[in-house]
Amino acid sequence: MKQKRELPLAEAVPGMILAENVSDAQGRVLVPLGAELNAGLLAALVRREVLAVVVEYELEEDPAEREARHARIAAELEQRFKLAGEGLETQLLRQTLFEFLKDQP
């Protein structure tokens, strides 16, 4: 499961992926979220006096905990969709919501 973590710029290393935009003091986006950090980009951020970045990282989750969380999500969606019927559109919406929610922290 992907998580976000704010790091001091000094701890950021090439290959990390930004989980949030990096902006300057005026709010202008310097680097968009999703960008991969590299040595040149890190040097440019140092020159711009950026102090920290928010990066994403993969959190190893216990398989049993993951299955229990997925079961809770499925049960909650089942309850919420109880009166919506079993039409194709309803099933697709419920499955789409499950796919989205299962990877949220």
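The structure under discussion appears in the preceding block.
Cut-offs used in this document
Residues numbered from 1 in each chain as written. Predicted model: local features only at pLDDT ≥ 70, side-chain atom pairs only at ≥ 80, totals over all residues. Heavy atoms only, no water. Helix = DSSP H or I, 4+ residues; strand = E, 2+ residues; numbered from the N terminus. Rg over C-alpha atoms; globule rule 2.2 N^0.38 Å. Buried < 20%, exposed > 50% of the residue type's maximum accessible area, 1.4 Å probe, protein only. Contact = heavy atoms within 4.5 Å. Areas by Shrake-Rupley, 256 points an atom, 1.4 Å probe, with all protein chains shown as cover.

**Some words on the overall build of the chain**
Okay, step 1: A tally of regular secondary structure across the chain gives three helices and five strands.
Okay, step 2: Ordered by position from N to C terminus, the α and β elements of the chain give β-β-β-β-α-β-α-α.
Okay, step 3: Expected size for 105 residues packed as a compact globule is a radius of gyration near 13 Å; at 19 Å, the chain overshoots this value by more than 25%.
Okay, step 4: Of all 105 residues assigned to the chain, the portion counted as buried reaches 27%.
Okay, step 5: If you take every contact in the chain between residues at least 6 apart in sequence, the share linking residues at least 24 apart comes to 58%.
Okay, step 6: Here the chain displays about 7500 Å² of accessible surface, and carbon together with sulfur accounts for 56% of that area.

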